Amino acid sequence: MTALSLVIRPEWPEDAPAIERLQARAFGPGRFARTAYRLREGAAARLDLGVTAWVGSFLVGSVRMGPLQAGTTPFVMLGPLAVDPSFEGRGIGGTLTRAAIEAARQAGDGLVMLVGDAPYYSRFGFSPIPPGRLTLPGPVNPARLLWLELTDEFSDRVSGLVEAIPA
């Protein structure tokens, strides 16, 4: 048998169909009802921040970031982070997350927000958003609303209703 190596690379526009299929495998049809998905509607993913993981020609992982704002303050949202179920537990999600955060830092973004599990994302520096600081356009467990400041004191400017920045 031949061992295929994992290749991590930026997302390319032609990756979109494979990413959609991966998200369907990883999350199922219920993903569309989640607040995080509804927030992304109408906003294009930032291709300069998207990262993919491939084994040969098979997409095994993807993370995207999308542009958001609270008031007039722009920032980015990490997600969805998807790993093919048959490749879970191999560190692919962590590798993708670190690469996407570094891409946002290099691009000059000041803050990354996400809806996710605090125990998982805390290892990347994410922390809970103070209660009442941000409102999303749908229900979300406040304990799952997290952010990571990339620029010192950037979070001081972020409060209010979170909206996607239209494509």
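Quantities reported herein were computed from a predicted structural model and do not represent experimental measurements.

Engineer: Please explain the pattern of salt bridges as it appears in this structure.
Structural biologist: Pairs can form between side chains of opposite charge once their charged atoms are near each other. For the coordinates displayed, the defined rule picks out eight salt bridges. Between R64 and E11 there is a salt bridge whose closest N-O contact spans 2.9 Å. Of this pair, R64 sits in strand β3 (residues 58-70) while E11 sits in the loop between β1 (6-10) and α1 (16-27), placing them 53 residues apart in sequence. With respect to burial, R64 and E11 carry one shared label: buried. Linked by salt bridges that have partners in common, E11, E20 and R64 make up one network.

Engineer: It is not clear to me how a negative patch on the surface should be interpreted in this structure. Could you clarify?
Structural biologist: Taken together, the side chains of E149, D152, E153 and D156 make up a negatively charged region of the molecular surface. Here D156 is to be found in the loop between β8 (145-149) and β9 (160-164). You can call D156 exposed: its relative accessible area is 59%.

Procedures and definitions
Residues numbered from 1 in each chain as written. Predicted model: local features only at pLDDT ≥ 70, side-chain atom pairs only at ≥ 80, totals over all residues. Heavy atoms only, no water. Salt bridge = Lys/Arg side-chain N within 4 Å of Asp/Glu carboxyl O. Helix = DSSP H or I, 4+ residues; strand = E, 2+ residues; numbered from the N terminus. Buried < 20%, exposed > 50% of the residue type's maximum accessible area, 1.4 Å probe, protein only. Patch = residues over 30% accessible without salt bridge, like charges linked within 9 Å, V, L, I, M, F, W, Y side chains within 5 Å. Areas by Shrake-Rupley, 256 points an atom, 1.4 Å probe, with all protein chains shown as cover. Lys, Arg positive; Asp, Glu negative; His and termini not counted. Charge placed at Lys NZ, Arg CZ, Asp CG, Glu CD.

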